[in-house]
Amino acid sequence: MKAAYLARSTSDKPFDNLALEDCLMDSLPEDGAVLFLWQNRHSVVIGRNQDAFAECPLAQFEKDGGTLARRLTGGGAVYHDGGNLNYSIISPTKDHDVSAQMRTVAVALGALGLEAEVSGRNDISIGGKKVSGNAFLSRRGVSLHHGTLLVDSDLSRIARYLSPGHAKLAAHAVPSIAS
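No experiment lies behind these values; they were computed from the predicted model shown. (Residues numbered from 1 in each chain as written. Predicted model: local features only at pLDDT ≥ 70, side-chain atom pairs only at ≥ 80, totals over all residues. Heavy atoms only, no water.)

Student: Explain the overall build of the protein here, please?
Tutor: A count of helices and strands for the protein gives six helices and ten strands. Against the globule reference of 16 Å for 179 residues, the protein gives a C-alpha radius of gyration of 16 Å, in line with a compact fold. Projecting the C-alpha coordinates of the protein onto the three principal axes gives extents of approximately 45 × 35 × 30 Å. Counting all 179 residues of the protein, 44% fall into the buried class. As presented, the protein carries roughly 9600 Å² of accessible surface, and 56% of it is formed by carbon and sulfur atoms. Distance between charge centres in the protein, computed from 18 positive and 19 negative side chains, equals 3 Å. (Helix = DSSP H or I, 4+ residues; strand = E, 2+ residues; numbered from the N terminus. Rg over C-alpha atoms; globule rule 2.2 N^0.38 Å. Buried < 20%, exposed > 50% of the residue type's maximum accessible area, 1.4 Å probe, protein only. Areas by Shrake-Rupley, 256 points an atom, 1.4 Å probe, with all protein chains shown as cover. Lys, Arg positive; Asp, Glu negative; His and termini not counted. Charge placed at Lys NZ, Arg CZ, Asp CG, Glu CD.)

Written as structure tokens, this is what we have:
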């Protein structure tokens, strides 16, 4: 890899940021990689195989001004607000190393004085509590690894808008893991 680029979104709209992430994948220079940083306002972003109705109480969420968006990657539903930081690492598939990328995020948190560790199902934890979920996609020789970092999110909103139920676990869609 010859070049690394940093991109930062000025939008807080989930559709803008997900579209920009997709565009960055499609326009990645052959010898480069991109770190894309972004935040969304009050939104729930679901994985490509999830049932929105099973992941979020949509009527209440929309009444409260929330936006629901579907991303290209799999994984579980996540709540976004101005208190979390989203990151996307986009690189040629031949250079893409998810384990190294996860460790890099954990090391960066360590540099801030936070003892982070890679854990479980593509998560990063601090003190046994999940602070980052991650999801992945590869297409046409380009790979994407993106995740969320809980910095100062409203935890009561997360609990209110992401409430896995028993019926959901029996559904055919891919369920979120509560953590």
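Student: Can you walk me through the pattern of salt bridges in this structure?
Tutor: Side chains that differ in charge, positive against negative, can pair when their charged atoms come close. Under the counting rule described, the total for this entry stands at seven salt bridges. We note a salt bridge from D12 to R41, for which the minimum N-O separation is 3.6 Å. A residue pair is termed long-range when its members are at least 10 positions apart, and D12 in the loop between strand 1 (3-8) and helix 1 (14-26) and R41 in the loop between strand 2 (32-38) and strand 3 (43-46) qualify at 29 residues. For D12, a relative accessible area of 35% corresponds to the partly exposed category. (Salt bridge = Lys/Arg side-chain N within 4 Å of Asp/Glu carboxyl O.)

Student: I keep staring at the pairing of strand 7 (residues 116-119) and nothing clicks. Help me out?
Tutor: Consecutive side chains along a regular strand alternate between the two faces of the sheet. In this sheet, strand 8 (residues 123-126) lies alongside strand 7 in antiparallel orientation, the contact comprising four bridges. Bridge assignment links S119 to a residue of strand 8, and that residue is D123. Connecting strand 7 to the next strand, strand 8, in antiparallel fashion are three residues, including G120 with a positive phi near 45 degrees. (Pairing = 2+ DSSP bridges.)

Student: Help me out: how do you make sense of the packing of aromatic side chains in this one?
Tutor: Between two aromatic rings, the relevant description is the distance of the centres plus the angle of the planes. Scanning the entire structure with this criterion turns up three aromatic pairs. For the pair F36 and W38, a centre-to-centre distance of 5.8 Å together with 20 degrees between the ring planes defines the contact as stacked. Here F36 falls in the buried class, since its relative accessible area comes to 0%. Considering the side-chain rings of F61 and Y161, the 4.8 Å spacing of their centres and the 65 degrees angle between planes classify their relative orientation as edge-to-face. Note that F61 is positioned in helix 3 (residues 58-63) and Y161 in helix 5 (residues 155-161), a separation of 100 residues in sequence. Like Y161, F61 is buried. One aromatic cluster is present, built from ring pairs that chain together F61, Y79 and Y161. (Phe/Tyr/Trp six-rings, centres within 6.5 Å; stacked < 30°, edge-to-face > 60°.)

Student: Before we go on, may I ask you to explain the sheet that holds strand 1 in this structure?
Tutor: Strands in a sheet are paired, the pairing made by backbone hydrogen bonds, and the direction either parallel or antiparallel. The sheet built from seven strands is open, its strands ordered 1-2-6-10-9-8-7 with mixed pairing. At either end of the open sheet lies a strand with only one pairing partner, and these are strand 1 and strand 7. Strand-to-strand twist in this sheet, taken as the mean axis angle between neighbours without regard to direction, amounts to 20 degrees. Helix-sheet contacts for helix 1 involve strand 1, strand 2, strand 6 (84-92), strand 9 (129-139) and strand 10 (142-150), and the interaxial angle to strand 2 is about 175 degrees. Helix 4 (residues 98-111) rests against strand 6, strand 7, strand 8, strand 9 and strand 10 of the sheet, and its axis sits at about 25 degrees to strand 8. (Axes fitted to C-alpha atoms, helices over the stretch in contact; angles between N-to-C directions. Contact = heavy atoms within 4.5 Å.)

Student: Could you clarify how one ought to interpret the pairing of strand 2 in this entry?
Tutor: Most of strand 2 is tucked away, with five of its seven residues classed as buried. Where strand 1 and strand 2 come together, six bridges link them in parallel fashion. Paired with A3 across the strands is G32, a residue of strand 2. Here five bridges tie strand 2 to strand 6, and the two strands are oriented antiparallel to one another. Among the inter-strand pairings, F36 is bridged to a residue of strand 6, identified as S88.

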